[in-house]
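# Coordinate analysis (summary)
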Amino acid sequence: MAQLPAPPGPFRRGFWRSPIRGPWLTSVFGLVLLLGIPVLFVTGALSYAAYNPSLGRLNDQTPDKGLLGFYLFDWPTHPYWLYRLTQGVHVTLGVALVPVLLAKLWSVIPKLFEWPPLRSAAQALERLSLLLLVGGAVFEFITGILNIQLHYVFPGSFYTLHFYGAWVFIAAFTVHVCLRLGRMTKALRSRGLLAELRTDLAHTRPEPPDPDGLVPADPARPSITRRGAVGLVGAGSLLLLGVTAGQSIGGRLRGTALLAPHNRNPRSGPNGFQINKTAAAVGITAAHVGPDWRLEVHGRGPVQVLTRAQLLAMHQHTAALPIACVEGWSTEDQHWSGLRLTDLAAMAGLPDAGSVLVESVQPPGPYSSVVLRGNQIHDPRALLALRVNGADLSLDHGYPARIIVPANPGVNNTKWVHRLTFRT
Ligand SMILES: Nc1nc2c(c(=O)[nH]1)N[C@H]1C(S)=C(S)[C@@H](COP(=O)(O)O)O[C@H]1N2
Ligand SMILES: [Mo]
């Protein structure tokens, strides 16, 4: 078959001239991703499980997940900091891996312009899998970062996009690893890391030609060493780590989380910890939560309707629990007090309640209501909180009453609650 000559520009091998591009450098970045991406995938899958998606549409924005939900399990309430840890790792690691991902893509870019584009059925299949791999990676990183930076640019649809994207990506990633692991280990063995870190610019030479065509046919003079390239990417990752991790670790480090939207305690005082959505932002007015506010408790038997004063007159319980948001930030433990959900279930005539529908006064929409599971109701630290750190809840933290449950994703700790419906 006659072969068309490659069009000028990036499709010609002579276009890509970086002398450090080659299997070794690609494999160094590849190895870091090989270690990091499974952690991202597992913590992400856990984050999804933490929403209790099997409890129905209110919790789950991905009702058609089908087989992809095979691994779901009842999200535990122990240890109480579990979601703070898994989601903090997910977000921090995801942000820190961005420079590595970009470097890896840079290192293999000549492959994108392979010519001829379709040589054989096998090669076409391989290119399709690479498209899913690269597309999947870029898609997951972009949707994740948009979500943490812009607070739910796609309310409702983020989970769906990020969840399906994750499965496509991890499938392509697994295929890629199976196909390339051998080549990667060989490439890593071809040069010693320490020797490479000691090589200066004058001694930086291209790798021997490789079957993938990463090594340039017509190398330019080096302008950076491999040590420089690895160091630059590593420094970029460390910098991102340094300006992100504080939002999850908290304490003195909180102020270092310059990249995080919630890097600072908004105020001092008992209610001076992170606020996700303010009352004003979701349309809560004084009328919703003024003296006419009542808590309705539904279950078996007559509906209980209670004022805040009546709730405060009941036996109060306390729990020290953080708020941990899907965006990756979390608070220190706050000291909440209020009524145990398990006591409210008993009051509703369902002491063995298997789930509870929590509804807020917020106009229906994302995060205005949620369903919690039996293990969350019956944990003695699971509260309908009325006060925090010794003061009444502020309006922005959910006054008159909010949910706080150990290890629960922040988004399921509904604020401004006005109705609880317990079910068997
Ligand atoms: N009714 C209602 N409750 C809500 C939200 C909301 O938008 N509406 N946001 C949730 C989210 S995403 C988080 S992270 C926590 C944050 O609680 P905080 O603002 O008190 O820190 O509240 C949750 N409760
Ligand atoms: Mo959140």
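None of the values given here were measured: they were computed from a predicted structure.

### Section: the overall build of the chain
Looking only at helices and strands, the chain features 13 helices and ten strands. Principal-axis analysis of the C-alpha atoms places the extent of the chain at approximately 85 × 45 × 35 Å. For the chain, with 424 residues in total, the buried portion stands at 50%. Carbon and sulfur atoms make up 67% of the accessible area of the chain, which totals about 19600 Å². The average position of the 37 basic charges and that of the 23 acidic charges among the side chains of the chain differ by 7 Å.

### Overview of the pattern of salt bridges
In this structure the tally under the stated criterion is 16 salt bridges. The partner of E114 in a salt bridge is R127, with the nearest N and O atoms 3.8 Å apart. Here E114 is found in the loop between α4 (109-112) and α5 (121-149), whereas its partner R127 is found in helix α5, with 13 residues between them in sequence. Judged by relative accessible area, E114 falls into the buried class, the value being 17%. Notably, a salt bridge pairs D212 with R183, separated by 2.8 Å at the nearest N-O pair.

### Focus on the side chain of N408
Counting through the fold element by element, N408 comes out in the loop between β9 (402-404) and β10 (417-423). In this view, N408 contacts A50, Y83, A324, L372, Q376 and N413; residues no more than four positions away in its chain are not counted.

### Describing helix α2 (residues 82-96)
A rise of 1.5 Å per residue sets the reference length of α2, with its 15 residues, at 21 Å; its end C-alpha atoms lie 21 Å apart and thus fit the reference within 8%. For α2, the buried fraction is high: twelve of the 15 residues fall into the buried class. Listed in full, the buried residues belonging to α2 are L82, Y83, R84, T86, Q87, G88, H90, V91, T92, G94, V95 and A96. On its buried face, α2 is in contact with α1 (23-50), α3 (98-107), α5, α6 (157-190), α8 (226-242) and α9 (246-249).

### Quick look at the environment of V405
Within the secondary structure, V405 is located in the loop between β9 and β10. For the pair formed by V405 and L372, sequence separation is 33 residues and the distance between their alpha carbons is 9.2 Å.

### What about the sheet that holds strand β5 (residues 355-360)?
Taken in spatial order, the five strands line up as β2-β1-β10-β5-β6 in an open sheet, and their pairing is mixed. Both outer strands of the open sheet, β2 (304-306) and β6 (369-373), are each paired with one neighbouring strand and no more. Recorded for the sheet is a direction-independent mean angle of 15° between the axes of neighbouring strands. In this sheet, β6 lies alongside β5 in antiparallel orientation, the contact comprising five bridges. By the bridge assignment, L357 is partnered in β6 with V371.

### Thoughts on unusual backbone geometry
Along the chain, H78 connects to P79 via a cis peptide bond; the corresponding omega equals -15°. Looking at where P79 falls in the secondary structure, it is placed in the loop between α1 and α2. Here the bond from Y399 into P400 is cis, since omega is 10°, no more than 30 degrees from zero. Positioned with a positive phi, N52 is a non-glycine residue whose angle comes to about 55°. By the secondary structure assignment, N52 is in the loop between α1 and α2. Residue N52 is classed as buried on the basis of its relative accessible area of 0%. Even without glycine at this site, W416 takes up a positive phi of about 55°. Since its relative accessible area comes to 2%, W416 is described here as buried.

### Brief notes about the site of ligand 1
Taken together, 19 residues sit near ligand 1, with Q274, Q362, H397, R402 and K415 positioned nearest. At 2.8 Å, a backbone N or O of N276 approaches an oxygen atom of ligand 1. Q362 places a side-chain nitrogen or oxygen 2.6 Å from a nitrogen atom of ligand 1. Taken together, the residues that form the shell around ligand 1 break down as eight nonpolar, eight polar and three charged.

### Looking at the packing of aromatic side chains
Counted according to the given criterion, the structure contains 16 aromatic pairs. Each ring, one from F11 and one from F113, has its centre 5.4 Å from the other, and the planes form 80°; the classification is edge-to-face. Taken together, the positions of F11 in the segment before α1 and F113 in the loop between α4 and α5 put the pair 102 residues apart, joining distant regions of the chain. Their ring planes at 75° and their centres at 5.0 Å tell us that Y51 and Y159 sit as a pair that is edge-to-face. Here Y51, found in the loop between α1 and α2, pairs with Y159, found in helix α6; they are 108 residues apart in sequence, far enough to count as distant. Linked through ring pairs, F41, Y48, F70, Y71, F163, Y164 and W167 together constitute an aromatic cluster.

### Let's talk about the nonpolar core
Soluble, globular proteins show a tendency: their nonpolar side chains are buried together. L25, Y71, W75, Y83, W336 and I404 are the most contacted members of the largest nonpolar core, which totals 53 residues. Taken together, the elements giving at least two residues each to this core come down to α1, α2, α3, α5, α6, α8, β3 (317-321) and β7 (383-388). Tallying contributions element by element places α1 first for this core, with eleven residues. Residues in contact with W75, not counting those within four places in the same chain, are L46, A49, A50, N52, L82, Y83, T86, R373, N375 and A407. Counting 32 residues, the second largest nonpolar core, distinct from the first, contains L311, A345, V358 and A401.

### As for the domain arrangement of the chain
Each assigned domain of the chain is listed with its residue range as follows: domain 1 (13-256) and domain 2 (268-423). The C-alpha-based centres of domain 1 and domain 2 are spaced at 38 Å. On the side of domain 2, 36 residues touch domain 1, which itself brings 35 residues to the contact. Counting across the interface, domain 1 meets domain 2 through two salt bridges. Between R254 and E332 there is a salt bridge whose closest N-O contact spans 3.2 Å. In this structure, the connection of domain 1 to domain 2 is made through 21 residue pairs in polar contact (both at pLDDT 80 or more). Among the elements of the structure, α1, α2, α5 and α9 are those that each provide at least two residues to the side of domain 1 that touches domain 2. With six residues, α2 is the single largest residue contributor to the side of domain 1 that touches domain 2. Classifying every residue of the side of domain 1 that touches domain 2 by side-chain character gives 17 nonpolar, 15 polar and three charged.

Rules used throughout
- Residues numbered from 1 in each chain as written.
- Chains lettered and ligands numbered in written order.
- Predicted model: local features only at pLDDT ≥ 70, side-chain atom pairs only at ≥ 80, totals over all residues.
- Heavy atoms only, no water.
- Helix = DSSP H or I, 4+ residues; strand = E, 2+ residues; numbered from the N terminus.
- Buried < 20%, exposed > 50% of the residue type's maximum accessible area, 1.4 Å probe, protein only.
- Areas by Shrake-Rupley, 256 points an atom, 1.4 Å probe, with all protein chains shown as cover.
- Lys, Arg positive; Asp, Glu negative; His and termini not counted.
- Charge placed at Lys NZ, Arg CZ, Asp CG, Glu CD.
- Salt bridge = Lys/Arg side-chain N within 4 Å of Asp/Glu carboxyl O.
- Contact = heavy atoms within 4.5 Å.
- Expected span 1.5 Å × (residues − 1).
- Pairing = 2+ DSSP bridges.
- Axes fitted to C-alpha atoms, helices over the stretch in contact; angles between N-to-C directions.
- Near = heavy atom within 4 Å.
- Polar contact = N/O pair within 3.5 Å; in protein donor to acceptor, adjacent residues only side chain to side chain.
- Nonpolar A, V, L, I, M, F, W, Y, C, P; charged D, E, K, R; others polar.
- Phe/Tyr/Trp six-rings, centres within 6.5 Å; stacked < 30°, edge-to-face > 60°.
- Core = buried A, V, L, I, M, F, W, Y, C linked by side-chain atoms within 4.5 Å.
- Domains from an automatic or database assignment.

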